[in-house]
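Observations on the three-dimensional arrangement
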Amino acid sequence: MKIAPSMLSCDFSKMGEELVRIDNGGADLIHLDVMDGHFVPNITIGSDIVSALRPYSKLPFDVHLMIDYPFDYIEQFSRAGADIIAFHIEAKSDITATIEKINSFGVKPGLVIKPNTPAESVFPYLDKVYMILIMTVEPGFGGQSFMADMLPKVAVIKNKAAEMGLDILVEADGGVNENTIAQAARAGIDICVSGTGVFKAKDASEAISNLKRISDDALK
Ligand code: DX5
Ligand code: ZN
């Protein structure tokens, strides 16, 4: 299991140091939550912050756009140093055009589904994306409870991808911690985002290695 700590739960007054702390602690990717106050009822960071953080780590930046019009911001986030840009299928931009725009900048496209959105809704785009992100909380805030009933979506997506001859990554986001990661691993999740599970732990490095150990054990 790869772990992508979410910077949403870090100390925002020292984001650079926080990023170094989790990079040294064994993170595999860095998850950056972008919210516009429209798509979700919260406002977080923009591309200038992503750009400012870029020199602090060589790890892939996994940018999660929770914004109404992702198409209009792909260039900014690509230039800021995103490696993956995932946007919501429920957003208002044209989905195929947005995926193509992400590809045009050499960035990997991801598609995100909210809890009420069925897994089947991503089928038309499976051959066009690098990753599907399944929300295991309602997007907007860190620290919410894991929705285990989202996990059957993983098999639906993986089976369809296999049928199409595709090998697609599936990421889970929201409420992943030491108590919930085993279920995510068994369901076939490849990457888990964890915000509070990592940043609010006493020792981030220990938290990351625990998450990996628990998910590895769950697969034995
Ligand atoms: C929620 C965000 C998540 C959030 C996860 O909208 O997309 O990435 O930061 O935080 P935890 O792990 O605390 O649920
Ligand atoms: Zn996220």
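Below or above, wherever it landed, is the structure these notes cover. (Residues numbered from 1 in each chain as written. Chains lettered and ligands numbered in written order. Predicted model: local features only at pLDDT ≥ 70, side-chain atom pairs only at ≥ 80, totals over all residues. Heavy atoms only, no water.)

**A closer look at the overall build of the protein**
If you tally the helices and strands in the protein, you get eight helices and eight strands. A compact globule built from 220 residues would reach a C-alpha radius of gyration of about 17 Å, and the protein, at 16 Å, matches this within 12%. Seen through its C-alpha atoms, the protein measures out along the principal axes to roughly 40 × 40 × 30 Å. Buried residues in the protein amount to 52% of all 220 residues. Looking at the protein alone, contacts between residues at least 24 apart form 66% of all its contacts between residues at least 6 apart. If you sum the accessible surface of the protein, you get close to 9500 Å²; carbon and sulfur atoms cover 49% of it. Separation between the mean location of the 20 positive side-chain charges and that of the 30 negative ones in the protein comes to 3 Å. (Helix = DSSP H or I, 4+ residues; strand = E, 2+ residues; numbered from the N terminus. Rg over C-alpha atoms; globule rule 2.2 N^0.38 Å. Buried < 20%, exposed > 50% of the residue type's maximum accessible area, 1.4 Å probe, protein only. Contact = heavy atoms within 4.5 Å. Areas by Shrake-Rupley, 256 points an atom, 1.4 Å probe, with all protein chains shown as cover. Lys, Arg positive; Asp, Glu negative; His and termini not counted. Charge placed at Lys NZ, Arg CZ, Asp CG, Glu CD.)

**So, the pattern of salt bridges**
The full count for this structure, using the stated rule, is nine salt bridges. Lys 212 is paired through a salt bridge with Asp 28; the nearest N and O atoms lie 2.9 Å apart. Of this pair, Lys 212 sits in helix α8 (residues 204–218) while Asp 28 sits in the loop between α1 (15–24) and β2 (30–35), placing them 184 residues apart in sequence. Residue Arg 79 is joined to Glu 75 by a salt bridge in which the shortest nitrogen-to-oxygen separation is 2.9 Å. Linking Arg 79 with Glu 75, this pair stays in helix α3 (residues 74–79), spanning four residues, or about one helical turn. (Salt bridge = Lys/Arg side-chain N within 4 Å of Asp/Glu carboxyl O.)

**Considering the environment of Ala 182**
On the secondary structure map, Ala 182 appears in helix α6 (residues 181–187). Looking at Ala 182, the relative accessible area reads 16%, which means it is buried. For the pair Ala 182 and Met 1, spaced 181 residues apart in sequence, the C-alpha separation works out to 10 Å. Apart from residues lying up to four places away in sequence, Ala 182 is in contact with Ile 214 and Ala 218.

**Description of the coordination of the zinc ion (ligand 2)**
The protein atoms that coordinate the zinc ion (ligand 2) are His 31 (NE2), Asp 33 (OD), His 64 (ND1) and Asp 173 (OD), at distances of 2.0 to 2.3 Å. Bound by six donor atoms, the zinc ion (ligand 2) shows angles of 70 to 169 degrees at the metal and therefore octahedral coordination geometry. The sequence pattern formed by the donor residues of the zinc ion (ligand 2) is H-x1-D-x30-H-x108-D. With His 31 in strand β2 and Asp 173 in strand β7 (residues 169–173), this residue pair connects regions lying 142 residues apart in the sequence. Comparing His 31 with Asp 173 shows no difference in burial state: the two are buried. (Donors = N, O, S within 2.8 Å, 3.2 Å for Na, K, Ca; no water. Tetrahedral: all angles 85-135°; square planar, octahedral: opposite > 155°, others 65-115°.)

**Notes on the state of the cysteines**
Counted by the stated rule, this structure contains zero disulfides. Here Cys 10 stays free of any disulfide, with the sulfur of Cys 192 as its closest cysteine sulfur at 20 Å. For Cys 10, a relative accessible area of 8% translates into the label buried. (Disulfide = S-S within 2.5 Å.)

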